[in-house]
Amino acid sequence: MTNKETVMIQSYDVQAEVLHKISELKAQGYKEEDMYVIAKRNDQLSMVQGQTDVHLNVQDDEDMMDKFKSFISGGDSTHDAFIQMGLGSGEADEYYRQVENGKLVLYVNSDYGASYKPHTYTQTEARATTAEEEHLRLHEERLSVDKKRVQTGEVTVGKHVVEEQQTLEIPVEREEVYVERRPVNEEVHSNTTNSANINLYDDEETIHIPVSEERVNVRKKDVVSEEIIVGKRTVQDSELVSETVRHEEADIDELVKPKKDERDLF
């Protein structure tokens, strides 16, 4: 906002704010003929045009659009007039963008009238603005859903030692001694001449037969018998969200007096 004694510029969202500001300025001694309201469309000025005598400019009008473009670029004397109102080029660009975005801009300057070119309403525009349109906005509530990630649990994987008794049946071999007697009828012949010296009977004669067997030697070795793989994956689910929302509906009551049936008059 620029406000230097008799010079002021301010942007507003709706016509009611502009009308309120005009009333304040008039109470402070400002004249309506020194006030200028600029908007993008005609329908934004219907209330202001119907209740005040301030100057109105519509940006959609070709003449006004040309003035603004030349003002922004500094191409004619209008630029100097706005500079005298206290606007620099940057500030002028900013207010021009606000008008483009649908805002209403109010200028107050008692010295601006000499260079001002008012907007001339056509008959169609005059009928539209004098109709004093009223606007009723309908609102509604809409659901906005956000998601956040929370920890719902934890999985811990470890290991412990379990002892168990194992029994294995291992086949083994062993040797056994058997004694078998076989009858022999055989005469012993001596080849020596001195047979008397031969002693066929020996009490100390023995034989030795070794006997062996397999014995089990148990030992243990460590092996990997299983591998546990732990990971996680994302699973898609869906949840139903229910909430009560409100919206506004228009109630239209038409109070129209019915016309008298002229046929009853005869």
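Residues numbered from 1 in each chain as written. Predicted model: local features only at pLDDT ≥ 70, side-chain atom pairs only at ≥ 80, totals over all residues. Heavy atoms only, no water.

Within the protein one finds six helices and five strands. When the helices and strands of the protein are read in sequence order from the N terminus, they spell out β-β-α-β-α-β-α-α-α-β-α. Split by element, the accessible area of the protein, about 24,300 Å² in all, is 47% carbon and sulfur. (Helix = DSSP H or I, 4+ residues; strand = E, 2+ residues; numbered from the N terminus. Areas by Shrake-Rupley, 256 points an atom, 1.4 Å probe, with all protein chains shown as cover.)

Once that is clear, we can look at a nonpolar patch on the surface. Together, L168, I170, V172, V216 and V218 make up an exposed nonpolar region whose accessible area comes to about 510 Å². As for its position among the elements, V172 is in the segment after α6 (123–130). Among the residues examined, V172 registers a relative accessible area of 45% and is labelled partly exposed. (Patch = residues over 30% accessible without salt bridge, like charges linked within 9 Å, V, L, I, M, F, W, Y side chains within 5 Å. Salt bridge = Lys/Arg side-chain N within 4 Å of Asp/Glu carboxyl O. Buried < 20%, exposed > 50% of the residue type's maximum accessible area, 1.4 Å probe, protein only.)

So, on to the nonpolar core. Formed by 17 residues in total, the largest nonpolar core has its most connected members in V37, V48 and L106. If one sorts the elements of this core by residue count, helix α1 (residues 15–27) sits on top with four residues. For V37, the residues in contact, after removing those within four places along its chain, are V18, L45, V48, V54, H55, L56, N57, V105 and L106. Counting seven residues, the second-largest nonpolar core is a separate cluster that includes I9, Y36, V99 and Y107. (Core = buried A, V, L, I, M, F, W, Y, C linked by side-chain atoms within 4.5 Å. Contact = heavy atoms within 4.5 Å.)

With that settled, the discussion passes to the pairing of strand β4 (residues 55–58). Sheet topology note: the strand β3 (residues 35–39)/β4 ladder contains four bridges and is parallel. Within β4, the position partnered with A39 by the bridge is V58. As for the winding sense of the linkage, the β-α-β connection from β3 through helix α2 (residues 46–51) to β4 is right-handed. (Pairing = 2+ DSSP bridges. Right-handed = clockwise from strand over helix to strand, strands pointing away.)

Here we take up the layout of surface pockets. By volume, the largest pocket is sized at about 990 Å³. Taken together, the residues of the lining of the largest pocket break down into four nonpolar, six polar and eight charged. Space inside the second largest pocket adds up to approximately 860 Å³. Lining the second largest pocket are 17 residues, and of these E164, Q166, K220, K221 and D222 sit closest to its centre. Residues that form the lining of the second largest pocket fall into these classes: seven nonpolar, three polar and seven charged. (1 Å grid on protein atoms, 1.4 Å probe; cavity = no way out; pocket = protein on both sides within 12 Å on 5 of 7 lines; lining within 4 Å. Points joined across faces, edges and corners; volume = space filled by probe spheres on them. Nonpolar A, V, L, I, M, F, W, Y, C, P; charged D, E, K, R; others polar.)

Mapped onto the elements, T244 comes out in the segment after α6. Along the sequence, T244 and R142 sit 102 residues apart, while their C-alpha atoms lie 9.6 Å from each other.

All right, on to the side chain of E32 then. By secondary structure assignment, the location of E32 is in the loop between α1 and β3. Residues contacting E32, with those up to four places away along its chain left out, are I22, K26, T52, D53, V54 and H55.

For the structure on display, the rule yields eleven salt bridges. The salt bridge involving D43 is made with R41; its shortest N-O contact spans 3.1 Å. A relative accessible area of 34% means that D43 is categorised as partly exposed. The partner of R182 in a salt bridge is E180, with the nearest N and O atoms 3.4 Å apart.

Okay, helix α5 (residues 89–100) next. Compared with the 16 Å implied by 1.5 Å per residue over twelve residues, the 17 Å span of α5 between its first and last C-alpha is a close match. Burial in α5 covers these residues: A92, Y95, Y96, Q98 and V99. Relative to the axis of α5, the buried residues are bounded by an arc of 160° and lie together on one face. G102, located one to two residues past α5, shows a positive phi value of around 100°. (Expected span 1.5 Å × (residues − 1). Arc of directions from axis to C-beta.)

Moving on to the confidence of the model for the protein. Per-residue confidence for the protein gives a mean pLDDT of 76, with 70% of residues at or over 70. The least confident element of the protein, judged by mean pLDDT, is helix α4 (residues 78–84) at 46; the most confident is α1 at 88. Confidence drops under pLDDT 50 across residues 67–82; counting only partners more than four residues distant or on other chains, this segment forms 26 contacts. Per-residue pLDDT stays below 50 along residues 114–123; that stretch engages in 25 contacts with residues further than four places along the chain or on separate chains. (pLDDT = per-residue confidence, 0-100.)

Looking at where P171 falls in the secondary structure, it is placed in the segment after α6. Residues P171 and V216, spaced 45 residues apart in sequence, show a C-alpha to C-alpha distance of 9.1 Å.

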